[in-house]
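Structure assessment
For reference, the chains in residue letters:
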Amino acid sequence: MPMTIRSAGFVIFRRFSDKEDADLPEYLLLQASYGEFHWSPPKGEVEYFEPDYLAAVRETREETGLTSENLKMGFDISQTIDYVNRKGRKKKAIYYLAELLNDVPIVLSDEHQIYKWFPAEEARSICLYQDLSKVIDNFETFIKKGEWDYIYGDVNHGAKPDVDYEKYNFDCPTCGPQPEAPTTEITGA
């Protein structure tokens, strides 16, 4: 039985106050320079014995030039998707959420030909894979409800609140990926 290939990366968003709709996050997507020229967040294969979160940091630096100095990284907020790549190999992609802290230039690797910041709706529609669209949608809901700012904001009100991982279909940092569940719409409380 062929081994599943693991990859890890970040869904990176930004919010800048100099824009008219500063509260609406934009998501960084990179267009591949090969195959179907698909758009996706920065991610890449996890190396042997490398922790997923370190692979996400390394791949993001390699593919965009962004480092921990440029990003607020949420390592306990992640989503995992399983898929079969264009070569028919089973893959597991772990996406963490990160916020761009400063407007720095993106430096692309040879694997990508262009990058663009998209509002959530456009980001979801341009993604070739529906599972990736759901990841962006779940992260967008998490951000809009203020939970990202509460947990990772500059002003933290004591201990981190309990994150309802199942509600957002996030992976539990202790238990790992959530079991496959039917798609449910997240509604406001």
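Conventions we followed
- Residues numbered from 1 in each chain as written.
- Predicted model: local features only at pLDDT ≥ 70, side-chain atom pairs only at ≥ 80, totals over all residues.
- Heavy atoms only, no water.
- 1 Å grid on protein atoms, 1.4 Å probe; cavity = no way out; pocket = protein on both sides within 12 Å on 5 of 7 lines; lining within 4 Å.
- Points joined across faces, edges and corners; volume = space filled by probe spheres on them.
- Helix = DSSP H or I, 4+ residues; strand = E, 2+ residues; numbered from the N terminus.
- Nonpolar A, V, L, I, M, F, W, Y, C, P; charged D, E, K, R; others polar.
- Phe/Tyr/Trp six-rings, centres within 6.5 Å; stacked < 30°, edge-to-face > 60°.
- Salt bridge = Lys/Arg side-chain N within 4 Å of Asp/Glu carboxyl O.
- Buried < 20%, exposed > 50% of the residue type's maximum accessible area, 1.4 Å probe, protein only.
- Expected span 1.5 Å × (residues − 1).
- Core = buried A, V, L, I, M, F, W, Y, C linked by side-chain atoms within 4.5 Å.
- pLDDT = per-residue confidence, 0-100.
- Contact = heavy atoms within 4.5 Å.

**Observations regarding the layout of surface pockets**
Using a probe with the size of a water molecule, rolled over the atoms, empty space left in the structure can be pinpointed. Roughly 580 Å³ of volume is contained in the second largest pocket. Considering the residues around the second largest pocket, the lining is formed by 25 residues, among which Tyr34, His38, Lys43, Tyr83 and Lys91 are closest to the centre. For the lining of the second largest pocket, the secondary structure elements donating two or more residues are strand 1 (5–14), strand 4 (43–45), helix 1 (52–64), strand 5 (71–84), strand 6 (90–100) and helix 3 (130–144). Split by residue class, the lining of the second largest pocket holds eight nonpolar, seven polar and ten charged.

**Some remarks on the packing of aromatic side chains**
If you walk through the whole model with that rule in mind, you get eight aromatic pairs. Both rings, one in tyrosine 53 and one in phenylalanine 75, keep their centres 5.2 Å apart while their planes meet at 65°; by these two values the pair is edge-to-face. Of this pair, tyrosine 53 sits in helix 1 while phenylalanine 75 sits in strand 5, and the two are 22 residues apart along the sequence. Arranged with centres 5.8 Å apart and planes meeting at 75°, the rings of phenylalanine 75 and tyrosine 96 form a pair that is edge-to-face. Here phenylalanine 75 is found in strand 5, whereas its partner tyrosine 96 is found in strand 6, with 21 residues between them in sequence. An aromatic cluster is present here, built from Phe10, Tyr53, Phe75 and Tyr96 joined pairwise through their rings.

**Some remarks on the pattern of salt bridges**
In total, this model carries eleven salt bridges according to the counting rule given. Across the pair arginine 58 and glutamate 47 runs a salt bridge whose closest N-O atoms are separated by 3.7 Å. Pair noted here: arginine 58 is in helix 1 and glutamate 47 is in the loop between strand 4 and helix 1, with a separation of eleven residues, a long-range link. A residue is classified by how much of its surface remains accessible, and arginine 58, at 11% relative accessible area, is buried. Members of the salt-bridge network, linked through shared partners, are Glu47, Glu50, Arg58, Glu59 and Glu62.

**Observations regarding helix 1**
Its 13 residues give helix 1 an end-to-end C-alpha distance of 18 Å, which sits within 8% of 18 Å, the value for a rise of 1.5 Å per residue. Every buried residue belonging to helix 1 is among Asp52, Ala55, Ala56, Arg58, Glu59, Thr60, Glu63 and Thr64, and all of these are buried. Count one or two residues on from helix 1 and you reach glycine 65, which has phi positive near 85°.

**Quick notes on helix 3**
Helix length check: helix 3 (15 residues) gives 21 Å between terminal C-alpha atoms against 21 Å at 1.5 Å per residue, within 8%. If you check which residues of helix 3 are buried, you get Leu132, Ser133, Val135, Ile136, Asn138, Phe139, Glu140, Thr141, Phe142 and Ile143. In the stretch just after helix 3, glycine 146 is the one whose phi turns positive, near 85°.

**Some words on the nonpolar core**
Ranked by internal contacts, the top residues of the largest apolar core, which has 23 residues, are Tyr27, Tyr95 and Leu97. Elements supplying a minimum of two residues to this core: strand 1, strand 2 (26–32), strand 5, strand 6, helix 2 (120–126), helix 3 and helix 4 (147–152). With six residues, helix 3 is the largest single contributor of residues to this core. Among the nonpolar cores identified, the runner-up in size contains 17 residues, and Ala8, Ala56, Ala98 and Leu100 belong to it.

**Some words on the confidence of the model for the protein chain**
Chain-level statistics for the protein chain give a pLDDT mean of 81 and a share of 76% at 70 or above. Low confidence marks residues 155–161, where pLDDT is under 50. Its contacts with residues over four positions away, or in another chain, come to nine contacts. Low pLDDT (under 50) marks residues 178–189, which in the prediction has 16 contacts with non-local residues, meaning those over four places away or in another chain.

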